[in-house]
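Chain by chain, the residues:
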Amino acid sequence: MMLRMEQNLRTPGPTPIPDAVRDAQAQQMIDHRGTEFAELLRETSAGLAELIGTSGEILLLTGSGSGALEAAVVNTLSPGDRVLAVTIGSFGDRFAEIATAFGAAVERLEVEWGSAADPGALRDHLSSNEPYRAVLVTHNETSTGVANPLREIAAVVRGAPGEPLLLVDGISGLGAMPFEMDAWGVDLAVSASQKAWMASPGIAIAAVGERARAAGEVARMPRYYWDFAEARKWAGKGQTPWTPAIAVLYGLRVGVRRLREEGRERTWGRHARIATSVVAGIRSLGLRPVAPESHRSATVTAAWLPDGLDWVPFNAAMRARGLVIAGGQGKWTGRILRFGHMGDVGIDEMAEALELMGDTLPEYGHRADGAQAAAAARAAHEAMIAGVR
Ligand SMILES: Cc1ncc(COP(=O)(O)O)c(C=O)c1O
C-alpha cells in the first residue's frame, strides 16, 4: 500500500473544509468595528438562523463549542437552580460538569452509553420530581455516535411541571441533522464552526430563543467574556464585544452560503445517506456499529473494535497511510473507533477511508477486505440515490 500525501481527515470535527472556505479564510483582515464586518456578521447570523429554524437571535462568539456550552449555562441560570442533565455520553457529562462548576444543583438522568434518551422515562422523571429550572440535552452524542430523539424530548420538556428551559448541545448535529429550534420549542442551542458548518474551529454559535433571553435577565451566574447581554448590545451595532476570529467568520459565511444553496432537507438527506453507507462499509469489515439503527447519528459512526485489537498501534498504522479517525473517549477509550462524516462529505472520501481501514485491519489480526467494504458502501449509497431520483 502506498503512503498518501494528502490526509483523509475523518474525525468528528474538525472536518476537511472546502477550497472556497479555505480561500475565504486566507483573506486580508478587516476592521471589526467597520461596515464590512457588520455585513459579515449580519449575513452569517441570518443564514444560521434560517438553517437552525429560528426567528430568534444568533450570537457568534469567539471560542470553541465548549465555550458556547458554558455561555448557555451562565446566561440562563443562577447558583442553586435545579438542573436536570440528560446524559448519554461524554459530551452530556461535560454539559453537566459545566453547570455544576457554576453552582447549579445538577441531577443527572444517565442513559447507558450507546443508547439514546427515552422521552417516556424523561417524562416520568420530570413529573415525579420537584420542578427543574432547566433540562440539558445533547442533540447528537459525538462520543457514541448516537442521536437523541430531540423533537420528542423537547415536547416532553415543554409539558413538564415548572416549564423548565431546554438547553441543547447541538454542536455536532446542527446543520447536518433535522433540527427545528422554534417549531420544537428549544430555548437555546449551541454549535461550533468546525462541525457541519465547514469552517475552521474558532467560532461558537449560540441560538437564543425568547424564554432563554428572558431567563438571562434574572440569571445570576458569574459571566464576563460570555455575557450575552454584552454580545447582544454589540451585535445591534454589527459588532462583537471582543476581537473576533475574523478569518473563521469569513469561512463560516461561505459554509453557510453553501448550505443555504443546498437546502436544509437536501443536506440532512445527504448526511443520512452517507451515514447509512458508512455503516454498510463498517459491517462489511466485520465490525459492529455501536448505535441502534433507530438512533444512529448522521454525522459520526462509532463501531466496536474487534476483541484483542490494540487501538494505539492500529490507529498509528492507519495514520501512516493517511487516514485519521478518532478513538473512544473516557471509559470507551480503546474500545471503539469513531468515524466522522459531517459537512463537506461525499461517498468517495468515505469509500477511500473504509478501504484504508480494511487494508490495515488484517495486519492486526482481524480478517477484512478493504476493497469489498468500499464497494459495499458505494452500493448502499447508489441504491439510496436511485431511490431519491
Ligand atoms: C456534542 C459535542 N459537544 C461538545 C463538543 C465540544 O466542542 P469543542 O471541542 O469545540 O469545545 C463537541 C466536540 O466534539 C461535541 O461533538
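Before going into details, it helps to say that this report is about the structure given with it. (Residues numbered from 1 in each chain as written. Predicted model: local features only at pLDDT ≥ 70, side-chain atom pairs only at ≥ 80, totals over all residues. Heavy atoms only, no water.)

A separate point is the overall build of the protein chain. When you go through the protein chain residue by residue, the secondary structure sums to 14 helices and 15 strands. At 21 Å, the protein chain has a C-alpha radius of gyration in line with the 21 Å of a compact globule built from 389 residues. Reported as C-alpha extents along the three principal axes, the dimensions of the protein chain are approximately 60 × 55 × 40 Å. Scored against the burial criterion, the 389 residues of the protein chain give a buried share of 60%. Here the analysis covers contacts within the protein chain between residues at least 6 apart in sequence; of these, 74% occur between residues at least 24 apart. Surface exposure of the protein chain reaches about 15,500 Å², of which carbon and sulfur atoms provide 50%. (Helix = DSSP H or I, 4+ residues; strand = E, 2+ residues; numbered from the N terminus. Rg over C-alpha atoms; globule rule 2.2 N^0.38 Å. Buried < 20%, exposed > 50% of the residue type's maximum accessible area, 1.4 Å probe, protein only. Contact = heavy atoms within 4.5 Å. Areas by Shrake-Rupley, 256 points an atom, 1.4 Å probe, with all protein chains shown as cover.)

By the burial criterion, the buried members of helix α9 (residues 228-235) are F228, A231 and W234. One side of α9 holds all its buried residues, which, seen down the axis, span an arc of 130 degrees. Of the residues flanking the start of α9, the one acting as N-cap is D227, its side-chain oxygen 3.0 Å from the backbone nitrogen of A229. (Arc of directions from axis to C-beta. Polar contact = N/O pair within 3.5 Å; in protein donor to acceptor, adjacent residues only side chain to side chain.)

Right, let's talk about unusual backbone geometry for a bit. A cis amide bond, omega 0 degrees, links G13 with the succeeding residue P14. For E163, which is not a glycine, the phi torsion comes out positive at approximately 45 degrees. When you line up the elements, E163 lands in the loop between α6 (150-158) and β8 (165-169). Judged by relative accessible area, which is 52%, E163 ranks as exposed. With phi around 70 degrees, M198 is a residue other than glycine that occupies positive phi space. With respect to the secondary-structure elements, M198 resides in the loop between β9 (188-192) and β10 (203-208). Classification of M198 by relative accessible area gives buried; the value is 3%.

Turning to the site of the ligand, a few remarks are in order. Neighbouring the ligand are 13 residues; S64, S66, T142, D169 and K195 lie closest to it. Between S66 and the ligand, the recorded distance is 2.6 Å, taken from a side-chain N or O atom to an oxygen atom. T142 is positioned with one of its side-chain polar atoms (N or O) 2.4 Å from an oxygen atom of the ligand. Going through the elements one at a time, α3 (65-74) and α4 (90-101) are the ones with two or more residues in the shell around the ligand. A breakdown of the residues in the shell around the ligand according to their chemical character gives two nonpolar, eight polar and three charged. (Near = heavy atom within 4 Å. Nonpolar A, V, L, I, M, F, W, Y, C, P; charged D, E, K, R; others polar.)

Positionally, T299 belongs in the loop between β11 (288-289) and β12 (300-304). With 157 residues separating them along the chain, T299 and T142 place their C-alpha atoms 8.3 Å apart. In contact with T299, other than residues within four places in its own chain, are N140, S172, A176, M177, H271, F339, G340, H341 and M342. Within the local environment of T299, its side chain forms a polar contact with the side chain of N140, the two groups lying 3.0 Å apart.

This part covers the nonpolar core. I52, L122, L126, F179 and W197 are the most contacted members of the largest nonpolar core, which totals 56 residues. Of all the elements, helix α10 (residues 246-262) adds the most residues to this core, at eight residues. Residues contacting L122, with those up to four places away along its chain left out, are L84, V86, L109, I153, V156 and V157. (Core = buried A, V, L, I, M, F, W, Y, C linked by side-chain atoms within 4.5 Å.)

In this section: the environment of G13. The topology assignment puts G13 in the loop between β1 (8-9) and α1 (19-25). C-alpha of G13 to C-alpha of S172: the two residues are 159 residues apart in sequence and 7.9 Å apart in space. When near neighbours in sequence (up to four residues on either side) are disregarded, G13 contacts Q194, K195 and M342.

On to the sheet that holds strand β15 (residues 336-340). Pairing within the open sheet is antiparallel, and its four strands lie in the order β11-β12-β15-β14. Looking at strand neighbours, the two that pair on one side only are β11 and β14 (326-327), the edges of this open sheet. Alignment of β12 against β15, held across five bridges, turns out to be antiparallel. Bridging from a neighbouring strand, A302 pairs with R338 of β15. (Pairing = 2+ DSSP bridges.)

Right, let's get into the sheet that holds β9. Taken in spatial order, the seven strands line up as β2-β10-β9-β8-β5-β3-β4 in an open sheet, and their pairing is mixed. Strand pairing shows two members of the sheet lacking a second neighbour, β2 (57-62) and β4 (105-110), which therefore form its edges. Taking each pair of neighbouring strands and ignoring which way they run, the sheet shows an average axis angle of 20 degrees. Across the sheet, helix α5 (residues 119-127) lies against β3 (82-87), β4 and β5 (134-138), angled at about 165 degrees from β3, the strand it touches most. (Axes fitted to C-alpha atoms, helices over the stretch in contact; angles between N-to-C directions.)

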